[in-house]
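Reading the structure
So you can see what is in the structure, the chains are spelled out below.
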Amino acid sequence: MSLDHKRTEQPVIDAGRFVLRPLRKSDEGLIAHYVSDERVARMTTAIPHPLPPGAIEAFVARALDEEREEDVWAIDGTADGGEELKGIISLKRLDRDQSEVGYWIAPVFWNNGLASDALRALVETNPQGSNALFASAFQDNPASARVLTHCGFEYLGDAETFSVARDATVPTWTYSRKL
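Residues numbered from 1 in each chain as written. Predicted model: local features only at pLDDT ≥ 70, side-chain atom pairs only at ≥ 80, totals over all residues. Heavy atoms only, no water.

1. A closer look at the layout of surface pockets
- Volume-wise, the largest pocket comes out at about 1400 Å³.
- The wall of the largest pocket is formed by 49 residues, among which Met-43, Thr-44, Gly-102, Tyr-103 and Trp-104 lie closest to the centre.
- Here the lining of the largest pocket is built from residues that sort into 28 nonpolar, 13 polar and eight charged. (1 Å grid on protein atoms, 1.4 Å probe; cavity = no way out; pocket = protein on both sides within 12 Å on 5 of 7 lines; lining within 4 Å. Points joined across faces, edges and corners; volume = space filled by probe spheres on them. Nonpolar A, V, L, I, M, F, W, Y, C, P; charged D, E, K, R; others polar.)

Structure (structure tokens):
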């Protein structure tokens, strides 16, 4: 991608009890702390467990790159006195004005609607101007599937995806949402 095709600045998105903000280098420590928890890594496709040296620094560097293909936001609760990073939500650009959603929430914040609120804010804002969003959830993670259906995503079918942390191909449910 040439320099005249740099990505636009990611917006800060107000989600009520928190904001979605672009990552910053100072997030590396909390990201490493949370994703080193095997319960988080096992529910993602790309986070290894255990974390190799430099993995989080490389992830943050990719997120900050002006020519990135994925916009990554921190779920930041400091606006209401909460923690600076509660999880991550991202949009990866696909072809035909479509994007793929990914997210994880730190276990200490599970089961309080945080993922649903973050996804709803991202859908309402549609910062990449997508016509459709896609997402998948591992079939042994029904909580993630509920987040998607609560936010208007429709089930498309079963598939499978490789999980780095599990070193295995894992059955998934695939969802989409027209915008």
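Continuing now.
2. With respect to the pairing of strand E7 (residues 154-163)
- Here E7 pairs with strand E8 (residues 168-178) via nine bridges, running antiparallel. Each bridged residue has a counterpart across the sheet, and for Ala-159 the counterpart in E8 is Thr-172. (Pairing = 2+ DSSP bridges. Helix = DSSP H or I, 4+ residues; strand = E, 2+ residues; numbered from the N terminus.)

3. Brief notes about the sheet that holds strand E4 (residues 87-93)
- Strands sit in the order E1-E2-E3-E4-E5-E6-E8-E7 across an open sheet of eight strands; the sheet is mixed. Since the sheet does not close on itself, it has two edges, and those belong to strand E1 (13-14) and E7, each with one partner.
- As paired strands, strand E6 (residues 132-138) and E8 are joined by seven bridges and run antiparallel to one another. For Phe-134, the partnering residue across the bridge sits in E8 and is Ser-176.
- Helix-sheet contacts for helix H4 (residues 114-125) involve E1, strand E2 (19-22), strand E3 (70-76), E4, strand E5 (98-105), E6 and E8, and the interaxial angle to E4 is about 35 degrees. (Contact = heavy atoms within 4.5 Å. Axes fitted to C-alpha atoms, helices over the stretch in contact; angles between N-to-C directions.)

4. Notes on helix H1 (residues 28-35)
- Buried within H1 we find Glu-28, Ile-31, Tyr-34 and Val-35. The buried residues of H1 occupy an angular sector of 135 degrees when the element is viewed end-on, so they sit on one face.
- In this structure, the buried residues of H1 make contact with helix H2 (38-41), helix H3 (55-64), E4 and E5. (Buried < 20%, exposed > 50% of the residue type's maximum accessible area, 1.4 Å probe, protein only. Arc of directions from axis to C-beta.)

5. Describing the packing of H1 against H3
- Their axes nearest at 10 Å, the elements H1 and H3 cross at an angle of 125 degrees. As the angle between them shows, H1 and H3 are arranged oblique. Regarding H1 and H3, the two cross each other, and that crossing is right-handed. Residues Glu-28, Ile-31, Ala-32 and Val-35 of H1 touch H3, and the partners they reach there are Ile-56, Glu-57, Phe-59 and Val-60.
- Class assignment of the residues belonging to the contact of H1 with H3 gives a composition of six nonpolar, no polar and two charged. (Parallel < 35°, antiparallel > 145°, perpendicular 65-115°, else oblique. Left-handed = near helix turned anticlockwise from the far one by under 90°.)

6. As for the pairing of E2
- Bridge analysis of E1 against E2 gives two bridges, and the strand direction is antiparallel. Within the sheet, the bridge partner assigned to Ile-13 lies in E2 and is Leu-20.
- Linking two consecutive strands that pair antiparallel, namely E1 and E2, is a turn of four residues; a positive phi of about 90 degrees is found at Gly-16 within it.

7. Considering the packing of H4 against helix H5 (residues 142-150)
- One way to put it is that H4 packs onto H5 with a least axis distance of 9 Å and a crossing angle of 35 degrees. In this structure, H4 crosses over H5, and the sense of that crossing is right-handed. Taken together, the residues of H5 that come into contact with H4 (itself represented by Ala-115, Ser-116, Leu-119 and Arg-120) are Val-147, Leu-148 and His-150.
- Considering only residue class, the contact of H4 with H5 consists of four nonpolar, two polar and one charged.

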